[in-house]
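Coordinate inspection notes
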Amino acid sequence: MHILFACPHHDPAAWVPLLEAAMPGCRISVWNPDGPPSGAQAALVWRPPAALFEHETGLTTLFNLGAGVDALLKMPEIPPQVRIVRLEDAGMSVQMAEYALYALLRVSRDFEAFDHAQARQHWDTREGSRQADWPVGVLGLGQVGARVAQTLAEFGYPVAGWSRTPREIPGVETFAGAAALPAFLARTRFLVNVLPLTPDTVGILNRETLSQLLPHAHLVNVGRGEHLVEDDLVQMLEEGEIDGATLDVFHTEPLPKDHAFWRDARVHVTPHIAARTLRDESIRQIAGKVAQLQRGEAITGVVDRSRGY
Ligand code: NDP
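Because the structure is predicted, anything quoted here is derived from the model rather than measured. (Residues numbered from 1 in each chain as written. Predicted model: local features only at pLDDT ≥ 70, side-chain atom pairs only at ≥ 80, totals over all residues. Heavy atoms only, no water.)

**Notes on the pattern of salt bridges**
To be explicit about the condition: Salt bridges, as used here, are contacts in which a Lys or Arg side-chain nitrogen is within 4 Å of a carboxyl oxygen on Asp or Glu. Where helices and strands are cited, they refer to DSSP runs of H or I of at least four residues and of E of at least two residues respectively, numbered from the N terminus. Here's how the labels work: a residue is buried when its accessible area is under 20% of the maximum for its type, exposed when over 50%, partly exposed in between, all with a 1.4 Å probe on protein chains only.
For the structure on display, the rule yields 11 salt bridges. The residue E239 makes a salt bridge to R207 at a minimum N-O spacing of 3.1 Å. Taken together, the residues E239 in the loop between α9 (230-238) and β11 (244-247) and R207 in helix α8 (residues 207-210) connect sequence positions 32 residues apart. Judged by relative accessible area, which is 45%, E239 ranks as partly exposed. A salt bridge links E297 to R295; its shortest N-O distance comes to 2.9 Å. By relative accessible area, E297 is classed as partly exposed at 35%. Through salt bridges with shared partners, a single network forms among R207, E239 and E241.

Spelled out as structure tokens, the structure:
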């Protein structure tokens, strides 16, 4: 198989030798928009330019170097018959579990208040909250969300999760489908969004849904910026209808310097780093799938375009 490396944001010198070592039977080349088409059948992509698909018309499979494929599915230049394969976990779910756990401990154990107390050399013997005071709800129970839910449940927090189809996760109360969303929200104080961005989930974090959470709620958004109606959150914070948020993804990235989120101490901003793509794990996973394809076997992680993820 001839595989093209077409990730303008990644240094090919750091990837190509590792790809060649992992797939000795394949030809690996770097996309050259100024040269003739390579004739490659597959490509590794991350935020590729539209020109790739006008130039390389022989591509039949795209390996996306990320879990979310929303950006690819918005590109009309990708012919419908091209198979899109996403990363499945590949070391991301544990990072996301760490991120969610950090955000949860930070608010539920009052660590910020202790930082402020230290600055005043104040021995703050406040009464702490109990885990039962922090029911966690995880939107999305896929490769990443299931790991997040399970990790927080293992720490002893009451955890529920919401998915499109029914899921079973030990120690986690599960809800499925749009009709179950109100009941899920009504028992949740700490909401973590790990949904894929699809026509069904765009804008799902809005005033109507967030106002159904328990009082003194905290939102963690690690899905996509477009899941959140940002103005709704800004207003709800202003009105004291939600206590705070930990946000990793935004409508515009980098987050514009004049955005209200930068200035609100109740909002914790991180620059889309909740779960980074790990090079070795990703290459190992893609090489395994290439080998399966070459043996004529079916592979997992193929995006269902009609579902949007
Ligand atoms: P998966 O496809 O494995 O899981 C998606 C989950 O969302 C499934 O449980 C699915 O339900 C559920 N879901 C999808 N649509 C709906 C809907 N309409 N209603 C209810 N539930 C729905 O994805 P991953 O876990 O691998 O990744 C999820 C997302 O996390 C990615 O798409 C990406 O946007 C984001 N992400 C962000 C990163 C970051 O650094 N900030 C890093 C990695 C991922 P069902 O189980 O029924 O299919």
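That was the structure; now back to the text.
**A closer look at the domain arrangement of the protein chain**
The line we're drawing: Domain extents, as shown, originate in an automatic or database domain assignment. The criterion used for residue contact is that any of the two residues' heavy atoms lie within 4.5 Å. Two N or O atoms form a polar contact when they lie within 3.5 Å of each other; inside protein one atom must be a possible hydrogen donor and the other a possible acceptor, and for residues adjacent in sequence the pair counts only when both atoms belong to side chains. Under the grouping applied here, Gly and all other residues not named as nonpolar or charged are polar, the nonpolar ones being Ala, Val, Leu, Ile, Met, Phe, Trp, Tyr, Cys and Pro and the charged ones Asp, Glu, Lys and Arg.
Partitioning the protein chain into domains gives domain 1 (2-90 + 278-295) and domain 2 (92-269). For domain 1 versus domain 2, the separation of C-alpha centres amounts to 33 Å. Counting residues at the interface gives 12 residues for domain 1, matched by 8 residues for domain 2. Remark: the boundary between domain 1 and domain 2 carries 2 salt bridges. In this structure, the salt-bridge partner of K74 is E226, at a minimum N-O distance of 3.7 Å. At the junction of domain 1 with domain 2, the criterion picks out 4 residue pairs in polar contact (both at pLDDT 80 or more). Taken together, the residues of the side of domain 1 that touches domain 2 break down into 5 nonpolar, 2 polar and 5 charged.

**Observations concerning the confidence of the model for the protein chain**
The cut-off we apply is this: Values of pLDDT, the confidence the predictor places in each residue, fall between 0 and 100.
For the protein chain, the mean per-residue pLDDT works out to 97, and 100% of the residues sit at or above 70. Quick note on the complex model: pTM equals 0.97, ipTM equals 0.99.

**What about the packing of helix α4 (residues 92-108) against helix α6 (residues 143-154)?**
What counts, and what does not: Here an axis means a line fitted to C-alpha atoms, over the contact stretch when the element is a helix, while the angle between two N-to-C directions is reported on a 0 to 180 degree scale. Working rule for angles: under 35 degrees goes down as roughly parallel, over 145 as roughly antiparallel, 65 to 115 as roughly perpendicular, anything else as oblique. Two helices cross in a left-handed way if the nearer one is turned anticlockwise from the farther one by less than a right angle. They cross in a right-handed way if the turn is clockwise.
α6 packs onto α4 with a crossing angle of 45° between their chain directions and a minimal axis gap of 8 Å. Judged on the interaxial angle alone, α6 and α4 are oblique. Where α4 crosses over α6, the two elements pack in a sense that is right-handed. Contact with α4, carried on its side by S93, V94, M96, A97, A100, L101 and L104, involves Q143, V144, R147, V148, T151 and L152 of α6 and no other residues of that element. Looking at the contact of α4 with α6 residue by residue, the classes come out as 9 nonpolar, 3 polar and 1 charged.

**Looking at the packing of aromatic side chains**
What counts is decided by this rule: Pairs were defined over the aromatic rings of Phe, Tyr and Trp, the Trp ring being its six-membered one, requiring ring centres within 6.5 Å. Orientation was assigned from the angle between planes: stacked under 30 degrees, edge-to-face over 60, tilted for the rest. Remark: a charge is flagged as sitting over a ring if the NZ atom of Lys or the CZ atom of Arg is within 6 Å of the ring centre and within 35 degrees of the ring normal.
Under the counting rule described, the total for this entry stands at 4 aromatic pairs. Look at F175 and F184: their rings are 5.8 Å apart centre to centre, the planes differ by 70°, and that puts the pair in the edge-to-face class. Across the pair, exposure class does not vary: F175 and F184 are buried alike. Of note, R189 hangs over the ring of W134, and the distance from its end group to the ring centre comes to 3.5 Å.

**Describing the nonpolar core**
Stated formally: Throughout this description, the term nonpolar core refers to a set of buried Ala, Val, Leu, Ile, Met, Phe, Trp, Tyr and Cys residues connected via side-chain atoms within 4.5 Å.
L44, V136, V159, F190 and V192 are the most contacted members of the largest nonpolar core, which has 52 residues in total. Counting residues per element, the ones that place at least two in this core are β1 (2-6), α1 (12-22), β3 (42-45), α4, β6 (136-139), α6, β9 (190-193) and α11 (279-294). The element contributing the most residues to this core is α4, with 8 residues. Residue-level mapping places this core at the junction of two domains, with at least three residues from each of domain 1 (2-90 + 278-295) and domain 2 (92-269). Those residues in contact with L44, other than ones at most four positions away along the chain, are I3, L4, F5, A6, C7, L19, F63, L65 and I286. Counting residues in each nonpolar core, the second largest holds 28 residues, with L185, L191, L213 and M236 among its members.

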